[in-house]
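Per-entry structural report
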Amino acid sequence: MGGLVTENTSSALALPAVQPNQGSAVANSSLDTKPKKKICCACPDTKKLRDECIVQHGEDACSKWIEAHKTCLRAEGFNI
């Protein structure tokens, strides 16, 4: 019985090793073309800084934070 358990364990270990590699290859190619998150959830830090600045100082005074947020969104894969 011990031999059967070892065989089942080794075959079970071999199958998952193959499946994630195939899945990650597909995931990597799709990550290059599509963002991982919704735009509302991407870059929360720069979004917060941008929004706080606009509320306190107005949009014209916050171009630095607006551009920083756009740069972050582009890095996440969004076409902004």
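Bear in mind that the values here come from a model prediction, so they are computed numbers and not experimental data. (Residues numbered from 1 in each chain as written. Predicted model: local features only at pLDDT ≥ 70, side-chain atom pairs only at ≥ 80, totals over all residues. Heavy atoms only, no water.)

**A look at the pattern of salt bridges**
Under the defined criterion, the tally for this structure stands at 2 salt bridges. Between D51 and R50 there is a salt bridge, and its shortest N-O distance comes to 2.7 Å. Classification of D51 by relative accessible area gives partly exposed; the value is 31%. K70 is the salt-bridge partner of E67, the closest N and O atoms lying 3.6 Å from each other. (Salt bridge = Lys/Arg side-chain N within 4 Å of Asp/Glu carboxyl O. Buried < 20%, exposed > 50% of the residue type's maximum accessible area, 1.4 Å probe, protein only.)

**Description of the state of the cysteines**
Applying the stated criterion to the full structure yields 2 disulfides. Paired by a disulfide, C43 and C72 hold their sulfur atoms 2.0 Å apart. For the disulfide bridge between C43 and C72, the dihedral angle about the S-S bond is near -95°, and by the sign convention the bridge is left-handed. With C43 in the loop between helix 1 (2-33) and helix 2 (44-57) and C72 in helix 3 (residues 63-75), this residue pair connects regions lying 29 residues apart in the sequence. A relative accessible area of 24% places C72 in the partly exposed class. Between the sulfur atoms of C53 and its disulfide mate C62 the distance is 1.9 Å. (Disulfide = S-S within 2.5 Å. Helix = DSSP H or I, 4+ residues; strand = E, 2+ residues; numbered from the N terminus.)

**Observations concerning the side chain of H69**
Mapping H69 onto the fold places it in helix 3. When neighbours within four sequence positions are excluded, H69 is seen to be in contact with A42, C43, T46, K47 and R50. (Contact = heavy atoms within 4.5 Å.)

**Details of the environment of C72**
Sequence-wise, C72 and P44 are 28 residues apart; in three dimensions their C-alpha atoms are separated by 9.7 Å. In this view, C72 contacts C43 and T46; residues no more than four positions away in its chain are not counted.

**A few points about helix 2**
Each α-helix winds once per 3.6 residues, and so residues spaced three or four apart point in a common direction. Look at helix 2: 20 Å from first C-alpha to last across 14 residues, which is about the 20 Å you get at 1.5 Å a residue. Looking one or two residues past helix 2, G58 carries a phi angle of roughly 90°, positive in sign. (Expected span 1.5 Å × (residues − 1).)

**Observations concerning helix 3**
Compared with an ideal rise of 1.5 Å per residue, which puts 13 residues at 18 Å, helix 3 spans 18 Å between its outermost C-alpha atoms and is within 8% of the ideal. By the burial criterion, the buried members of helix 3 are I66, H69 and L73. The arc that holds the buried residues of helix 3, viewed along the axis, is 65°, so those residues lie on one side. Helix 3 presents K64 and A75 as exposed residues on the side facing more than 90 degrees away from its buried surface. One or two positions beyond helix 3, positive phi appears at G77, with a value near 105°. (Arc of directions from axis to C-beta.)

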